[in-house]
Amino acid sequence: MFNVDFDILSRNLGVSYARLSSSSFAAVTCCELPKNLEMRLLKVATCNLNQWAMDFDYNLNNIKESISKAKEAGAVIRLGPELEITGYGCEDHFLELDTVTHAWDCLKEILVDDWTDGILCSIGMPVIKGSERYNCQVLCMNRKIIMIRPKMRPADGNGYMEPRWFKPWQQKDQLVDFQLPDEITAAISQKSVPFGYGYIQFLDTAIAAEVCKELFTPLPFHDDLALNGVEVFMNASGSNHQIGKALNTRLRALIGFTRGHGGVYMYSNQRGCDGGRFYYGTQSHRHWAYV
Ligand SMILES: NC(=O)CC[C@H](N)C(=O)O
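Residues numbered from 1 in each chain as written. Predicted model: local features only at pLDDT ≥ 70, side-chain atom pairs only at ≥ 80, totals over all residues. Heavy atoms only, no water.

J.: Kindly report on the overall build of the protein, identifying the contributing residues and their values.
T.: From N to C terminus, the protein includes 6 helices and 19 strands. Counting all 291 residues of the protein, 53% fall into the buried class. Total accessible area on the protein is roughly 12,500 Å²; 50% of this is exposed by carbon and sulfur atoms. (Helix = DSSP H or I, 4+ residues; strand = E, 2+ residues; numbered from the N terminus. Buried < 20%, exposed > 50% of the residue type's maximum accessible area, 1.4 Å probe, protein only. Areas by Shrake-Rupley, 256 points an atom, 1.4 Å probe, with all protein chains shown as cover.)

J.: Lay out the packing of aromatic side chains in plain terms, naming residues and giving numbers.
T.: Scanning the entire structure with this criterion turns up 15 aromatic pairs. Ring geometry for tyrosine 197 versus phenylalanine 221: centroids 5.3 Å apart, planes at 55°, classification tilted. On the criterion of sequence distance, the pair formed by tyrosine 197 in the loop between strand E12 (192–196) and strand E13 (198–201) and phenylalanine 221 in helix H5 (residues 221–227) is long-range, its members being 24 residues apart. For the residue pair tyrosine 197 and phenylalanine 221, the accessibility class agrees, reading buried in each case. An aromatic cluster is built from Trp104, Tyr134, Trp169, Phe178 and Phe195, whose rings are joined through pairwise contacts. One Lys or Arg, lysine 129, reaches over the ring of phenylalanine 195 and ends 5.9 Å from the middle of that ring. (Phe/Tyr/Trp six-rings, centres within 6.5 Å; stacked < 30°, edge-to-face > 60°. Lys NZ or Arg CZ within 6 Å of the ring centre and 35° of its normal.)

J.: How would you summarise the nonpolar core if you had to cite specific residues and measurements?
T.: With 53 residues, the main nonpolar core has Ile85, Trp104, Leu107, Ile145, Ile148 and Phe195 as its most contacted residues. Take this core: its biggest share by element is 7 residues, from helix H2 (residues 97–112). Residues Ile77, Met141, Ile207 and Met266 belong to the second largest nonpolar core, which totals 19 residues. (Core = buried A, V, L, I, M, F, W, Y, C linked by side-chain atoms within 4.5 Å.)

J.: Any chance you could break down the state of the cysteines for me, citing the residues and the numbers?
T.: Working definition: the covalent bond between the sulfur atoms of two cysteines is a disulfide. A full pass over the atoms with the stated rule returns 0 disulfides. Residue cysteine 121 stays outside any disulfide, its sulfur separated by 6.9 Å from that of cysteine 140, the closest cysteine. When its relative accessible area of 0% is taken as the criterion, cysteine 121 is described as buried. (Disulfide = S-S within 2.5 Å.)

J.: I'd like a description of helix H1 (residues 56–72), backed by residues and values.
T.: If you check H1, its first and last C-alpha atoms are 24 Å apart, about what 17 residues at 1.5 Å a residue would give, namely 24 Å. Among the residues making up H1, those that are buried are Phe56, Asn59, Leu60, Asn62, Ile63, Lys64, Ser66, Ile67 and Ala70. Against the buried residues of H1 lie strand E4 (44–46), strand E5 (77–79), H2 and strand E6 (120–129). (Expected span 1.5 Å × (residues − 1). Contact = heavy atoms within 4.5 Å.)

J.: Please provide a residue-by-residue account of the environment of phenylalanine 178, values included.
T.: Tracing the sequence through the fold places phenylalanine 178 in strand E11 (residues 175–179). Sequence separation of phenylalanine 178 and isoleucine 148 is 30 residues, and the distance between their C-alpha atoms is 8.5 Å. Beyond its immediate chain neighbours, meaning those up to four positions away, phenylalanine 178 contacts Trp104, Val127, Ile128, Lys129, Ile148, Lys191, Ser192, Val193 and Phe195.

J.: Quick one: what's the story with the layout of surface pockets, residue by residue and with numbers?
T.: Its boundaries defined by the atoms lining it, the second largest pocket holds a volume of some 270 Å³. If you trace the second largest pocket, you find 18 residues lining it, with Ala155, Asn158, Tyr160, Lys213 and Lys245 closest to the centre. Elements with a minimum of two residues in the lining of the second largest pocket: strand E9 (156–157) and helix H6 (245–261). Within the lining of the second largest pocket, the residues separate by chemical class into 5 nonpolar, 7 polar and 6 charged. (1 Å grid on protein atoms, 1.4 Å probe; cavity = no way out; pocket = protein on both sides within 12 Å on 5 of 7 lines; lining within 4 Å. Points joined across faces, edges and corners; volume = space filled by probe spheres on them. Nonpolar A, V, L, I, M, F, W, Y, C, P; charged D, E, K, R; others polar.)

J.: Quick rundown of the site of the ligand? Include the residues and the values.
T.: What surrounds the ligand is a group of 13 residues, the closest being Glu82, Lys151, Cys212, Ser239 and Lys245. A distance of 3.5 Å separates an oxygen atom of the ligand from a polar side-chain atom of asparagine 240. Taking lysine 245, its side chain carries an N or O atom lying 2.5 Å from an oxygen atom of the ligand. Taking 300 Å² as the accessible area of the ligand by itself, protein coverage stands at 89%. Given that more than half its atoms are within 2 Å of the pocket grid, the ligand belongs to the second largest pocket. Counted by class, the shell around the ligand contains 5 nonpolar, 3 polar and 5 charged residues. (Near = heavy atom within 4 Å. Polar contact = N/O pair within 3.5 Å; in protein donor to acceptor, adjacent residues only side chain to side chain. Sits in = over half its atoms within 2 Å of the grid points.)

In structure tokens, the structure reads:
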């Protein structure tokens, strides 16, 4: 495919952090994704949750329940909506340090128990790196954090104000090392994780996260990722309801993408109201095509 210059930085994780020498983005290599069928079918679960802004216990329970249901259904990938731990509509509560700290506490609860055993979970939460706050998908499996993918195209306008709370990630050419909070390190014996734009290379497939609006913007990142072998895309959304949007905007975008690139596109959205200003569209989708 292309030359890979492996630069192993995180042996403690059991995964390797790879910088691609001839490409503009990076990959995390990982163990074999558990397969649930002899036919090598991959079962995936997109979970639409009716989260409530700042209700951490309630949101965490919904997330746990959705992971249980995904596992019961035999899925090996579970995708939840954007910022599902805090709720999407926290508005200026995102500016409070406690909001991010509580989100880590919730993630810790998920990681210390068996929730992520045998299933890749993409979980939405705010993360502070350096002095900046990012809207992230935290990809976890087997009680470890495999990668953190910050949103790169913030939603602004039409009632959205993400730039007020989150900085868009702009380093398209690399994954960087993120030092996990001490409490997480103590709980799961993991010190750091690759953070940025990249994908996870499993032995038998490659998977990448995408965050809501990134599906709809010009020059989308998924083109490059698909051309480099990513087959499963996980889009976590906080997309509000508007008449006609589900069929005319979302579904068309998904079908257009998979028609051109093949693979599987998973889409998960928040449901209903969450205390903020939006009523969220309720659809979840997964669409696939062979090319
Ligand atoms: N959270 C977002 O990125 C929203 C993006 C876009 N406006 C939508 O409704 O889907």
